[in-house]
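# Structural overview for review
Residue-level listing of the chains:
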Amino acid sequence: MSRFRGAEAFAASGDDWQLLPFRFERLNGRVLVTNMVGEHLVLSGEDFEVLATGELPADSDLVRRLRAKQVIKRSGERAPLSLLALKARTRHARLAESTGLHIFVVSLRCEHSCPYCQVSRQSEDRDRYDMTLATAERGLDMTFRSPSRSLKIEFQGGEPLLNFGLIEEVVRQAEVRNRDEGRDLGFVIASNLALLSDEVLDFCARHNIHISTSLDGPADLHNRNRPRPGRDSWERAVDGIRRVRETLGVDHISALMTTTKRSLDRVRDIIDTYVDLGLRGIFLRPLSPYGFAIKTKSYSAYDAERWIDFYREGLGYILELNRQGLDLTEYFSTVILRKMLTNVEPGYVDLMSPAGIGIGALVYNYDGSVYASDEGRMLAEMGDETFRLGHLEVDTYESIMTSEALLAPLEESFALSAPMCSDCAFETYCGSDPVYHYATSGDFLGRKSESDFCRRNMAIFKHLIDLYENDEFARRTFLSWAGR
Amino acid sequence: MISLRGRASDFGPGQHLDRAVWMVVDRDRLTPQRHGRAYKLRDCEEAPPGFGLYLVDDARFAPRDGAWIALPPLLRYVAAGDVISASESGEHVRVLWRAGSPNNSVLLTERCDHYCLMCSQPPKERDDDWLLDNAAELIRLLPTSTPGIGFTGGEPTIYGERLIELLRLCRNLLPDAGVHVLSNGRRFANFGFARSWASVDNPRMMVGIPLYGAEPALHDYVVQSEGAFEDTVRGIVNLGEVGQRIEIRVVIHQQTAPALPEIAEYIARNLPFVEQVALMGLEMMGFARANVKDVWIDPLDYQPELREAVSLLALRRVRTMIYNHQLCLLDRELWPFAVRSISDWKNEYHAECTDCSARDRCGGFFFSAKYKVSESIRAIPAAETQAPALLSLGR
Ligand code: SF4
Ligand code: SF4
């Protein structure tokens, strides 16, 4: 039909290709290319050669794929630029919504004595280690100064239930203030559940409070990690989880594990414990370099490698369970997959750049000091006040958010201007985590070639991309996690 | 198939109708309204006075006074609540609205700046502004409780601000109606026009825009126009920016089928703000027949791509629908996404369908399927009508 022109007539002609910003990484023979906002494609070595030398043909499958992912464009085309701009804006929208999470350390006291915990005190000295109402009220002032449309208040400890009266008061006052403020307000209590009473549950149910607890895995592992009088930490946590599920609902409980060296061989047991309790997901958390681990210098590259194996094995097992029809999510991967497969920035403090400290979360310690993150507070308990941003009695939200103690680590760690990160194909999935790098290498930036943060993340990114590209079931599962 | 236009078998000699668009009433649906009403006489019925037009099935029963049209046999189904248009003499009759149909769509023009390979309604370059005028008259006649109305072309946005006026009329006179407009979306690349569109301020309005590629070469080829992809994408972005409801339509044929996953990925990442994505089976009408060798594909042959496309979209929470597909050609996993969408007047079944247990849920066929249809249409035994859910969506 002569009225219609053939496909050739519409294929790009000439050689006026313009490269848009992209980064790459070789993956055993093939090359991963990511565009400016982290959309990826995997090219053959030859195709990548063609792209890299700039000798792109007028039309080919490669050209089409590169155009679809905004790696190249013709001069004069504006749509690719406006789309990249739109996506970049969406990814960074959170910055304008600064500080959504406000952590109130309502008591430093705890009836547990976990070896890796550097922050709790077994003392019964209420006056010394509990937050006062006056301090909490100042914390609330600060919370509502944040411009974020959604505010989450998290109560931590020690064991926050030891100062439950204060929690009740803070919740009530926050709700009253919010009648005028109209924010999207939520509450979380991070508790070991050993002291979970019906009264507490009842209050949580009435105020729609979320419970987050610690569960390190099966009883023997958990109880060894978490000694308490009576050696019944696990039993109490499990009993608490069941009660929360039934009274507040399955979506109101989440459990976090602390990964210790002892966990590393037990990933299946740990996952089984979570599944058995009817939890809908698990966070395969990295080994923590803070607290005990740092003191004993027991945190080594060897452990980082072992953790990567632990993670891979765990993720594989979780996928296997999904294949059998169980709906179980791995949350660490989910954070990364969301960055990989959507434009939504999940706001996970350790994987943000600019870093999530201060911008993502503020910590109000029992004594009124303000920290940039929970890990920053832990460092302070060990005598290092680097991430102390100020004090509720003397500082305002403005003075804290513009303090040198916050701005310096934010700026110095910013991944887009960090050696290695700025060229890294995974930069948009990663983060800058100045607290981690400070704790492990003494400066906010760290040397990524020696950083276990980098080594661990890069291994995960590659693993996730490999599964996404080559395993249809994994791809679908990942898409559904990212889409949650 | 129901005819929508015809030539009167007879009409009042020398008559000049004073308007083009008429709402049909009859003795069971009679109100004091006379303006724009055409009275349909039953055989032998005495014509009540005061109507500008009378319709009869047989010229022998034409009224003594007043203008009349004797409907041709194929249009005798016209009943109270339907809206027709007639030429000045009454010789040419079109059915604009069928009260009994759940999906009425109104043609606004046959002009279009695209020339799609598979266009079912090939564009005609001639002045047909009267279609727009008729549409406005139609809206004025429809009951205020009308639940929905669709507008198609051609390309409705060629009217610019006049289209916006029509849509405003729609919002004001049909406050309950969902309004769906099909457009190639290019004009919205002009942000001012997108803003005009938004100024209609009708939360029940949605625009359906086709996208045939994840990059310009394929899309421009399918619509036979350079620069189309660039304009359409910018148009969609502009509409998104002014908070409008958008449906993206992808017609699946030989050229687009292999690119389905790429198109889905492109939408999920670049246009996730759209309200829904419709993946549509090909209608073998108009240019699709002329280009049959370039567009025809057996739906069975693109099931893997369709599955992948649906998971890329739906799993990331982009609402996804599959239109115009016969269930026996559709992967079982995709059944939950299939919508019975073929306008009823084109929906006819194959011989296999008689014994098929999925018949009630099946998308069925376009009338044009008589021209070409997959060899693989097979009745589905009752035992197999359960569809498994696509991963995690059925949970
Ligand atoms: S820390 Fe490592 S993986 Fe992360 S962006 Fe920097 S170089 Fe890439
Ligand atoms: S046999 Fe007919 S009714 Fe049954 S699924 Fe196929 S097309 Fe639909």
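Residues numbered from 1 in each chain as written. Chains lettered and ligands numbered in written order. Predicted model: local features only at pLDDT ≥ 70, side-chain atom pairs only at ≥ 80, totals over all residues. Heavy atoms only, no water.

With that out of the way, let us pick up the domain arrangement of chain A. Residue and element names in this part refer to chain A. Looking at chain A, the domain boundaries give domain 1 (7–91), domain 2 (99–401) and domain 3 (411–470). Placing a centre on the C-alpha atoms of domain 2 and another on those of domain 3 gives a separation of 23 Å. Counting residues at the interface gives 36 residues for domain 2 and 31 residues for domain 3. Taken together, both faces of the contact between domain 2 and domain 3 bury some 2,700 Å²; the carbon and sulfur share is 73%. When the area that domain 2 buries against domain 3 is broken down by residue, the three leading residues are Met340, Ser353 and Phe387, summing to 18%. Applying the counting criterion to the domain 2 and domain 3 interface returns zero salt bridges. Counting across the domain 2 and domain 3 interface gives five residue pairs in polar contact (both at pLDDT 80 or more). Where the side of domain 2 that touches domain 3 is concerned, the elements lending two or more residues are helix 12 (301–323), helix 13 (331–341) and helix 14 (374–381). The element contributing the most residues to the side of domain 2 that touches domain 3 is helix 12, with nine residues. By residue class, the composition of the side of domain 2 that touches domain 3 is 24 nonpolar, six polar and six charged. (Domains from an automatic or database assignment. Contact = heavy atoms within 4.5 Å. Buried area = accessible area lost by both parts, 1.4 Å probe. Salt bridge = Lys/Arg side-chain N within 4 Å of Asp/Glu carboxyl O. Polar contact = N/O pair within 3.5 Å; in protein donor to acceptor, adjacent residues only side chain to side chain. Helix = DSSP H or I, 4+ residues; strand = E, 2+ residues; numbered from the N terminus. Nonpolar A, V, L, I, M, F, W, Y, C, P; charged D, E, K, R; others polar.)

Our next topic: the sheet that holds strand 2 (residues 10–11) of chain B. Residues and elements named next belong to chain B. Across the sheet, eight strands lie side by side as 1-8-7-3-4-5-6-2; this open sheet has mixed pairing. The two strands at the open ends of the sheet, each matched to only one other strand, are strand 1 (5–7) and strand 2. Across four bridges, strand 7 (residues 83–86) lies against strand 8 (residues 92–97) in antiparallel orientation. Residue pairing across strands places valine 83 opposite tryptophan 97, the latter belonging to strand 8. (Pairing = 2+ DSSP bridges.)

Contacts between the two partners involve 45 residues from chain A, matched on the other side by 40 residues from chain B. Of the roughly 3,600 Å² buried where chain A meets chain B, counting both sides, 52% is carbon and sulfur surface. Joining chain A to chain B, the criterion identifies five salt bridges. In this structure, arginine 475 of chain A and glutamate 308 of chain B form a salt bridge, with 2.8 Å as the shortest nitrogen-oxygen distance. Inspection of the chain A/chain B interface yields 14 residue pairs in polar contact (both at pLDDT 80 or more). Counting residues per element, the side of chain A that touches chain B draws most heavily on helix 19 (residues 472–482) of chain A, at seven residues.

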